[in-house]
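Structure assessment
Here's the letter readout for the chains.
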Amino acid sequence: MIQTGYIPPPELSRVRTRALAIGVVLSALLIVGAFIDRAQFFHAYLVAFIFWAGITVGSLALLMLQHLTGGAWGLVIRRSLEAATRTLPLVLILFVPIIIGLNQIYPWTNRAEMDQVPALREKAAHYLNPGFFMIRAAVYFALWSLMALLLNWLSVQQDRTADPGLRKRIQLVSGPGLGILILSVTFASIDWVMSLQPAWSSTIFGLIFVASWSLSALAFGIVVMSWLSKREPMNAVVQTSHFHDWGNLLLALVMLWTYFAFSQYLIIWSGNLPEETVWYVARKHDGWGVIALAIVILQFAFPFLTLLSRAAKKSPQKLALLAVLILVMRIVDVIWLVEPTFNREHFHLSWMDGVAPIAMGGLWLATFAWQLQKRSLLPISDPQLEQALEAHARH
C-alpha cells in the first residue's frame, strides 16, 4: 500500500502512455530502417542501448552510494533511483538484438581477420569470442539484477515494518555491491564498446564509463525531481536546498568524468604509440572533431562554469535545463565513441542514430513511469527521513 500523502501524481499515467506511444511508433520506424541498412541499424541500436543501460546501472550506483553516505539529497530522490533500477528486465530484453547482431557490430566475430594478427588471435581464442561474450554479459546482468532486487526488497520491508535494523542490512549490501558494480561496469564497457576496435586498449576506459553512467543517472534523476517538485505531493517536500545538493554532486561527477577522459587522452598523447593514437585520430577529423569540441564545451566547460553558481544550483528550472543538456550530450558522446569505428574514412551519421535513442527511450521511460507509480514517492519508514526533511526545511 502507498501512504496517502505520498501517492505519485496522476500525470505519470499520461507520461507513461505518451512515452509508450512514441517508443512503439519510432521502434516500428527503426525496424523499417533495419531492412534498408541492417548494419547501420545495429550500430545505432548499440548507441541507444549503451545510453539507456547507463542510466539504469548508474542509478543503481547512486542508490548504493546514498545508502552508504546518508543525507537528505538521497532520501528524496531514492524512489526515482529505485524505479530506474527496476527497468533492468527491460534492459536485459533490449540486449537480445545486440546478441543477434554480433556479426554486424563486432569485428572480432570474424575469426579469419583476427587470425591474421597473433595478438588478436590470442584475444579471440581466450576472450573475444561470442560464447564467452554472452557468458560475461549474463554475469553482468545477474549481478546487477541481484543487487537491484535486494535493495528494492529491503526498501519495501523497511516501509512495511519500520525496522531500524534494515538500514544496516542495506548498507551491508551496498558496500561490497558498489565495488562489484564498478568492476562489472568496467568489464561491460570493455566488452560492449572498447572491443569494437579489438587491437586498441585503454586502462582508464572502464572508469570513464563508471563516471559517465553515474552522471547520466543523476542528470535524469534531477529532471524527474524537477518535474515532481511542481506537483503534489512532492511540491511540499522538495526544497531548493535539495537541488543545491544534487547540483554539487552533478558538478563532482562532471569533474570526475572529465578527469578520467582527459587522463586517457593525455596518456595516449604523451605515449604517441601508433596502435593507441589511431583511436583518437579517427575521432578528431572532419565532423567528428567538431563533435569532440562540442562535447568538451557542452559536457564539461559550460556545466562546470554554470554549477559554480550557487543560484543556478538552487533553481530547479535552471538545474533541470542543464541536466537535459548533459543527457543530450551524453547521447552525442556515445555516438562519438561508437560510430567512428564503423566510418573511419569519412564522417557519417544516419537518421537512425537519432531515432534509435528516442525509440528505446520511449519504451524505457514508459517502464520507468510504471515502476515509479508502484510505491510511495518517499521512503516513509526510513529512520532518517523526518530529521532530514526538517533540516532541509530550515534552509
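Residues numbered from 1 in each chain as written. Predicted model: local features only at pLDDT ≥ 70, side-chain atom pairs only at ≥ 80, totals over all residues. Heavy atoms only, no water.

Here we take up a nonpolar patch on the surface. Taken together, the side chains of L29, V32, I36 and W351 define a hydrophobic patch exposed on the protein surface, amounting to about 400 Å² of accessible area. Among the elements that take part in the nonpolar patch, helix 1 (residues 11-36) stands out by supplying three residues, more than any other. Here I36 is to be found in helix 1. (Patch = residues over 30% accessible without salt bridge, like charges linked within 9 Å, V, L, I, M, F, W, Y side chains within 5 Å. Areas by Shrake-Rupley, 256 points an atom, 1.4 Å probe, with all protein chains shown as cover. Salt bridge = Lys/Arg side-chain N within 4 Å of Asp/Glu carboxyl O. Helix = DSSP H or I, 4+ residues; strand = E, 2+ residues; numbered from the N terminus.)

Residue P233 is bonded to the preceding E232 through a cis peptide linkage, with omega at 5 degrees. Mapped onto the elements, P233 comes out in the loop between helix 10 (205-228) and helix 11 (240-271). Notably, N272 is not glycine yet its phi reads approximately 55 degrees, a positive angle. Its relative accessible area of 56% is what places N272 among the exposed residues. The phi dihedral of D286 is positive, around 55 degrees, even though this residue is not glycine. Take D286: its relative accessible area is 55%, and that puts it in the exposed class. (Buried < 20%, exposed > 50% of the residue type's maximum accessible area, 1.4 Å probe, protein only.)

On to the packing of aromatic side chains. Taken as a whole and assessed by the stated rule, the structure comprises 33 aromatic pairs. Ring centres of F49 and W192 lie 5.5 Å apart, and the angle between their planes is 70 degrees; on these two criteria the pair is classed as edge-to-face. With F49 in helix 2 (residues 38-69) and W192 in helix 9 (residues 165-192), this pair connects stretches of sequence that are 143 residues apart. The exposure classification of F49 matches that of W192, with both residues buried. Between W364 and F368, the ring centres sit 5.6 Å apart and the planes meet at 5 degrees, which makes this aromatic pair stacked. (Phe/Tyr/Trp six-rings, centres within 6.5 Å; stacked < 30°, edge-to-face > 60°.)

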